[in-house]
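Per-entry structural report
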Amino acid sequence: MKTGVLGLVVGLLVGLGVAGALWSRGAPADTSKAATAQAAAAPAAPAAPAAAPTAPPQRPLVSSTVFKVPLDDSPSQGPADALVTLVEFTDFQCPFCSRASASVKQVMEDYQGQLRVVIKQHPLAFHARARPAALASLAAHEQGKFFEYHDKLFANQKALDDASLETYAKEVGLDIKRWKKSLADPKLAQAVDRDTALAVSLGAGGTPGFFVNGRFFSGAQPIEVFRAVIEEELGKASLLVKEGMKPSDVYASVLAHGVSAPPPPPEPPAQKVDLGTAPAKGPSDAPVTLVAFSDFECPFCSRAANTVKQLEGEYQGKLRVAFKHQPLPRHANAKLAAAASLAANEQGKFWEYHDKLFANQTALDRAALERYAEELKLDMGKFKSALDSNKFDAQISADSAQGHQIGAAGTPTFFVNGRPIVGAKPIENFRRVIDDELRKAGVAAR
């Protein structure tokens, strides 16, 4: 590549801040993933520039961090002493992987003798035929035909049933009896599991994911991205060789001081959360206040409500809990349930009613809401009149607008002394922030 073009592309890489949508931390129990998905689906926040939270810094397109990516016995092309090693985590049912494989093939030609490509398996759970295809490709690898089979799979992504996988095996000249025996070998399944676990641990939660001499980028990026990072790593490696290092030692040397996991993302800035008339419990002078922006029809909110209840018991006298309403438009009964809870609040029974709603999320129609009010022995005349008046619409709308302004785009979102926690996260996430806030206040945690 000409120096001028390289400089232009490298400049593009430096200047282009693209959020790594596939740069996943692999959160346990998938509750945060589900809540994040819900947040992504929420309507865009209304324009409120003055009150909008500071946007977190975007990840660079290509990471400057070097990750330790072991090669193991994964299929590879190119010389073992190549100065640059590209490791790809792929899924044979992923259309973006298919598109990216063409770029990988092209750079293999462009940098012949200088580039080694290693393929690792990362079949995503929602691609039903990705894992069988991965196993079939590794069975082909046992006979030295991985890349021929790899190309067949990407050329036929819509036909990855068992019969088709066998047809491709015949077409690339495999010994079918041996191939079928390899398919049943547990070591191939173990290799797929090992690769997938490695991808998640490195932060490459989606596909395709690439590590070029340990530096990560994701997605079917333009070929210029591949070329630019390869050129940059070639330059570094060439200097090492000039200083006397053997080319075969370059990869291990580059990764020697690498990391095994991505750093945690920076915590978003704390927000000022005005409680207003929000229902609250716990001492008004508690050193820690937890504000929930929630939706009574959201299953993740229900799960998180149980976590908050446990925290109340653990931090008695030190924690104040407040509730703000954020009924999502796609939840047909959420807004009515929010209004009903505020009608119960007028009679001093918000939290009891709150618990009823979360315990009965699949029954939030008007008749059910009235039944819960009767079970709590509310004055039904007042309750029905309050619901009929639409008197709580303004408060619900104000809560929702405030949530959007301070970064609560979906539910549940919590603010612990203004510090955001998004999703139905494990209780340890809440304890960590609460304990930190108590330390700041000079109060013993528990």
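The structure presented is a predicted model; accordingly, all values stated were derived computationally and were not measured. (Residues numbered from 1 in each chain as written. Predicted model: local features only at pLDDT ≥ 70, side-chain atom pairs only at ≥ 80, totals over all residues. Heavy atoms only, no water.)

Here's the deal with the overall build of the protein chain
A tally of helices and strands in the protein chain yields 17 helices and 10 strands. A total of 446 residues make up the protein chain; the buried ones form 47% of that total. Partitioning the intrachain contacts of the protein chain with sequence separation of at least 6 by distance along the chain shows that 79% fall at a separation of at least 24. Per element, the accessible surface of the protein chain, about 20,600 Å² overall, is 55% carbon and sulfur. (Helix = DSSP H or I, 4+ residues; strand = E, 2+ residues; numbered from the N terminus. Buried < 20%, exposed > 50% of the residue type's maximum accessible area, 1.4 Å probe, protein only. Contact = heavy atoms within 4.5 Å. Areas by Shrake-Rupley, 256 points an atom, 1.4 Å probe, with all protein chains shown as cover.)

Side note on the pattern of salt bridges
Per the counting criterion, the structure on display carries 31 salt bridges. D73 serves as the salt-bridge partner of R194, at 3.1 Å between the closest nitrogen and oxygen. Here R194 is found in helix α8 (residues 186–201), whereas its partner D73 is found in the loop between α2 (31–41) and β1 (76–77), with 121 residues between them in sequence. With relative accessibility at 30%, the residue R194 sits in the partly exposed group. One salt bridge connects D195 with K120, and the closest N-O pair in it is separated by 3.6 Å. With D195 in helix α8 and K120 in strand β3 (residues 115–121), the pair connects residues that are 75 residues apart, well separated along the chain. Taken together, the shared-partner salt bridges connect E267, R419, D436, E437, R439 and K440 into one network. (Salt bridge = Lys/Arg side-chain N within 4 Å of Asp/Glu carboxyl O.)

Quick look at empty space enclosed by the protein
Enumeration according to the criterion identifies 1 cavity of 30 Å³ or more in this entry. In this structure, the largest cavity spans a volume of roughly 120 Å³. Every residue lining the largest cavity is counted, 15 residues in all, and those nearest its centre are A305, V308, F323, W351 and H354. Among the secondary structure elements, those contributing two or more residues to the lining of the largest cavity are β7 (288–294), α11 (299–314), β8 (319–325) and α13 (350–359). For the lining of the largest cavity, the element with the highest residue contribution is α11, accounting for 5 residues. Here the lining of the largest cavity is built from residues that sort into 9 nonpolar, 2 polar and 4 charged. (1 Å grid on protein atoms, 1.4 Å probe; cavity = no way out; pocket = protein on both sides within 12 Å on 5 of 7 lines; lining within 4 Å. Points joined across faces, edges and corners; volume = space filled by probe spheres on them. Nonpolar A, V, L, I, M, F, W, Y, C, P; charged D, E, K, R; others polar.)

Concerning the layout of surface pockets
In this structure, the second largest pocket occupies an estimated 160 Å³ of space. What lines the second largest pocket is simply Q77, E88, S101, V104, K105, M108, E109, V117, I119, F147, H150 and D151. Of all elements in the fold, only α3 (95–110), β3 and α5 (146–155) reach the threshold of two or more residues within the lining of the second largest pocket. The biggest single contributor to the lining of the second largest pocket is α3, with 5 residues. Classifying every residue of the lining of the second largest pocket gives 5 nonpolar, 3 polar and 4 charged.

Some points on the pairing of strand β10 (residues 419–422)
Of the pairings in the sheet, the one linking strand β9 (residues 413–416) to β10 comprises 4 bridges and is antiparallel in character. Bridge pairing links T413 to V422 in β10. Where β9 folds back on β10, the antiparallel hairpin that results is connected by 2 residues, among which N417 adopts a positive phi of roughly 50°. (Pairing = 2+ DSSP bridges.)

Overview of the sheet that holds β8
Pairing is mixed in the open sheet, where 5 strands are placed in the order β6-β8-β7-β9-β10. For this open sheet the edge positions go to β6 (280–281) and β10, each flanked by a neighbour on one side alone. The strands that α11 touches are β6, β7, β8 and β9; relative to β8, the one it contacts most, it runs at about 160°. (Axes fitted to C-alpha atoms, helices over the stretch in contact; angles between N-to-C directions.)

Topic: the nonpolar core
Of all hydrophobic cores here, the largest spans 50 residues; its most connected members are L115, Y149, L153, L165, W179, F217 and I230. Apart from the residues lying within four places of it in its own chain, the contact partners of L115 are Q77, G78, P79, A82, V84, L86, V107, M108 and I230. (Core = buried A, V, L, I, M, F, W, Y, C linked by side-chain atoms within 4.5 Å.)

A short note on the environment of F67
Within the element layout of this structure, F67 appears in the loop between α2 and β1. Counting along the chain gives 195 residues from F67 to P262, while the straight-line C-alpha distance between them is 8.0 Å.

Some remarks on the sheet that holds strand β2 (residues 84–90)
Paired through their backbone hydrogen bonds, the strands of a sheet run either parallel or antiparallel. Taken in spatial order, the 5 strands make up an open sheet running β1-β3-β2-β4-β5, and their pairing is mixed. The strands lining the two open edges of the sheet, one partner per strand, are β1 and β5 (215–218). Relative to strand β4 (residues 209–212), β2 runs antiparallel, the two sharing 4 bridges. Bridge pairing links L86 to V212 in β4.

A word on the packing of α13 against helix α14 (residues 366–375)
Viewed as axis vectors pointing N to C, α13 and α14 meet at an angle of 135°, and their least axial separation amounts to 10 Å. Taken together, α13 and α14 sit at an angle that is classed as oblique. Taken as a pair, α13 and α14 cross one another with a handedness that is right-handed. In this structure, α13 contributes Y353, K356 and L357 to the contact, and α14 contributes L369, Y372, A373 and E375. Residue classes in the contact of α13 with α14 are distributed as 5 nonpolar, no polar and 2 charged. (Parallel < 35°, antiparallel > 145°, perpendicular 65-115°, else oblique. Left-handed = near helix turned anticlockwise from the far one by under 90°.)

Overview of unusual backbone geometry
The omega torsion across T207 and P208 is -10°, close enough to zero to call that bond cis. The residue P208 is located in the loop between α8 and β4 in this model. For the peptide bond that leads from T411 to P412, omega is -10°, which places it in the cis range. In this structure, P412 sits in the loop between α16 (393–405) and β9. Located in the positive-phi region is N213, a residue other than glycine, with phi close to 45°.

Description of helix α6 (residues 162–171)
Burial in α6 covers these residues: S164, L165, Y168 and A169. Seen from one end, α6 has its buried residues packed into an arc of 145°, which puts them on one side. Exposed residues pointing more than 90 degrees away from the buried face of α6 are listed as D162, A163 and K170. In the core, the buried residues of α6 are packed alongside α4 (130–141), α5 and α7 (176–183). (Arc of directions from axis to C-beta.)

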